[in-house]
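So the chains spell out like this:
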Amino acid sequence: MQEDALVARLRRGDRGAFEELVIAYQHRVFGVALRMLGNRAEAEDIAQETFLRAHRALREFRGDARLHTWLYAIASRLCLNRLASADRRLVRGDDAALAAAATDEPTAAARVERAELDAAVREAIAALPEERRIVVVLRDLEGLSYEEIAEVLELELGTVRSRLHRARMDLKAKLERFAP
Amino acid sequence: MTCHEARDLFSALIDETLTREQRADVYGHLTTCAECRRELTALERTVALVRGATPVRAPAGFVDRVLAAARPVPWYVRVARAALLPWPVKVPLGAAAVVLVAGLAVLMFRGSQEQQQAARHEPRPLSDRAAPPASGPPVAPSMPAAPPPASAPEVTSRPRADSAPEADRAAGVASRVEEEGKREQAPAALESRDKVMAKRAMTQSQPASAPDVVARLETPDRDTAERGLAALVARLTGEIIARHFEGEAMTVELAIPADRYEDFIREAGRIGTLRVETERPAQAGRLRILVHFGTS
């Protein structure tokens, strides 16, 4: 997709352009929300809110940020706010519940090696502290560069680097049993 | 380079974000440290596991739901929604509104002392024969409606309207205007209040509300003084509202036009020794006065 051309059409209020934007980014935005929140209904809620906010603010989109980093920034902020809210804190207190919520594959599918591995990765990510989780999701699952992550989360590059490394070390400890 | 320093750079090494110098240092360490080589391999495997996870897909219909939510709602739909609120919403809303209005009405009526005073402002005149004068030796009264202030002004002072500051007079007028307003709002309720008041005065022989003025009249002969007071009140176009008795003590409750207050003070001072004990700020209309009788 030609991002610049899409941005130009979006800023003109082209409804077709907005539809293209949602189609193009739905899985990425939903993916970040699901990895962060571990609950499909909540993830859909946040993903939808991300696009609605983008829709309202499209005319003010200055274009000095890339469209995808802008969307990731909105989604990340919404996820972190949701996780910081009082009722989410109660859920966060029970890591096992959060990890279980992250596993939305049926139990039967867990017998398949791939599915089991996916479930293990998801659980391990869900167990990470939120500020490390968002960094590893954006880097290893969404493929953003360190610089883009720093821009999305408004962090120093060094902070991104150290949080990512700590997140990976945590994951290594949890996923070692899957090592060949 | 120590093991700790080398391991801190492993993530950046995997992501190829190290400078050439840093990379050389890390590789230099790895050639001499088998433990760090194993550690790096394990970390690379972990990153590969995470990156290899099956990508998440948004649920079916997600795009349509977002587009529907982003569509602006036309004005006529918004109006129709507001007008066609479902009954389960409308009925409690209506009930809540009724309760709110009723509650506010009660609060407005009973809210303040000033409003209560307005309700009591013109009580029904009671018969002068409500209670006969007590016989026996006169005794100093012992039931003041309000405690007398430390320095009660003497009768010779000019305490009322003419000497009151302009501000007080304005406040009095404003208060009177407000009283009139209140009375217009609920005349029936006020009338019934007056009846209750009058009944209480007769049955309990107690002044029921705070009067505008409380005075003490010391005379050698209470019966004569009382008759003189009644005559004075009649002359000033006022009225005796009630006589209250507590043991041997007597208090006369009366009302006079506010603009005759000075005449009242002057003339009552001739009947006996008059001390004004409490006095509310000057106001127009009628003044309700309690006179405690005592013997001098």
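Provided above is the structure to which this section pertains.
The model shown is predicted, which means the values in this text are computed figures rather than measured ones.

Notes on the overall build of chain B
For chain B, the count of helices and strands is 12 helices and 5 strands. Expressed as a percentage of the 296 residues in chain B, the buried residues total 24%. At a minimum sequence separation of 6, the contacts of chain B that also span at least 24 residues come to 80%.

Things to note about the sheet that holds strand E5 (residues 286–295) of chain B
Residue and element names in this part refer to chain B. Spatial ordering of the open sheet is given by E2-E3-E5-E1-E4, a layout of 5 strands whose pairing is mixed. Across the chains shown, the open sheet's two edge strands, defined by having one partner strand only, are strand E2 (239–246) and strand E4 (273–279). Between one strand axis and the next, the sheet turns through 25 degrees on average, direction left out of account. For strand E1 (residues 213–219) and E5, the ladder comprises 7 bridges, and the chain directions are parallel. Within E5, the residue paired with Val214 across the bridge is Leu290.

Thoughts on the interface of chain A and chain B
Taken together, the contact between chain A and chain B spans 32 residues of the former and 26 residues of the latter. Looking at the side of chain A that touches chain B, the elements that each hand over two or more residues are helix H2 (15–37), helix H3 (40–57), helix H7 (113–126), helix H8 (130–141) and helix H10 (157–175) of chain A. Broken down by element, the side of chain A that touches chain B gets its largest block of residues, 9 residues, from H2(A).

Considerations on the pairing of E5(B)
All names here are of chain B. Judged by how many residues are buried, E5 sits mostly within the fold: 8 of 10 residues are covered. Taken together, the 7 bridges between strand E3 (residues 249–257) and E5 define a ladder with antiparallel strand orientation. Counterpart to Glu253 in the pairing with E5 is Leu290.

Topic: the packing of H8(A) against H10(A)
Residues and elements named next belong to chain A. Viewed as axis vectors pointing N to C, H8 and H10 meet at an angle of 90 degrees, and their least axial separation amounts to 8 Å. Comparing the axis directions of H8 and H10 gives the class roughly perpendicular. Two secondary-structure elements touch here, H8 through Glu131, Arg132, Arg133, Val135, Val136 and Arg139 and H10 through Val160, Arg163, Leu164, Arg166, Ala167, Arg168 and Asp170. Looking at the contact of H8 with H10 residue by residue, the class counts come to 5 nonpolar, no polar and 8 charged.

Description of the pairing of E3(B)
All names here are of chain B. Extensive coverage of E3 is indicated by the burial of 7 of its 9 residues. Bridge count between E2 and E3: 7 bridges; the pairing is antiparallel. Within E3, the position partnered with Glu239 by the bridge is Ala255. What sits between E2 and E3 in their antiparallel hairpin is a turn of 2 residues, with Gly247 showing a positive phi close to 65 degrees.

Quick look at H8(A)
Under the 1.5 Å per step criterion, the end-to-end length of H8(A) is 15 Å for 12 residues, consistent within 8% with the ideal 16 Å. With 9 of 12 residues buried, H8(A) is to be regarded as a mostly interior element. Buried within H8(A) we find A:Arg132, A:Arg133, A:Ile134, A:Val135, A:Val136, A:Val137, A:Leu138, A:Arg139 and A:Asp140. Those residues of H8(A) that are buried are in contact with H2, helix H4 (67–84), H7, helix H9 (146–153) and H10 of chain A together with helix H4 (34–51) of chain B. Positive backbone phi, at 75 degrees, marks A:Gly143, one or two positions downstream of H8(A).

With respect to unusual backbone geometry
Among all residues except glycine, the phi angle is most often negative; among peptide bonds, the trans geometry is most common. Residue and element names in this part refer to chain A. With a phi close to 55 degrees, Glu154 is a non-glycine residue in the positive phi region. Residue placement: Glu154 occurs in the loop between H9 and H10. In this structure Glu154 comes out as exposed when scored by C-beta crowding, with 9 C-beta atoms within 10 Å.

Some remarks on the environment of A:Arg166
Mapped onto the elements of the fold, A:Arg166 is located in helix H10. It is 7.4 Å that separates the C-alpha atoms of A:Arg166 and A:Arg132, two residues lying 34 residues apart in sequence.

Scoring rules and cut-offs
- Residues numbered from 1 in each chain as written.
- Chains lettered and ligands numbered in written order.
- Predicted model: local features only at pLDDT ≥ 70, side-chain atom pairs only at ≥ 80, totals over all residues.
- Helix = DSSP H or I, 4+ residues; strand = E, 2+ residues; numbered from the N terminus.
- Buried ≥ 20, exposed ≤ 12 C-beta atoms within 10 Å, placed from the backbone.
- Contact = placed C-beta atoms within 7 Å.
- Pairing = 2+ DSSP bridges.
- Axes fitted to C-alpha atoms, helices over the stretch in contact; angles between N-to-C directions.
- Parallel < 35°, antiparallel > 145°, perpendicular 65-115°, else oblique.
- Nonpolar A, V, L, I, M, F, W, Y, C, P; charged D, E, K, R; others polar.
- Expected span 1.5 Å × (residues − 1).

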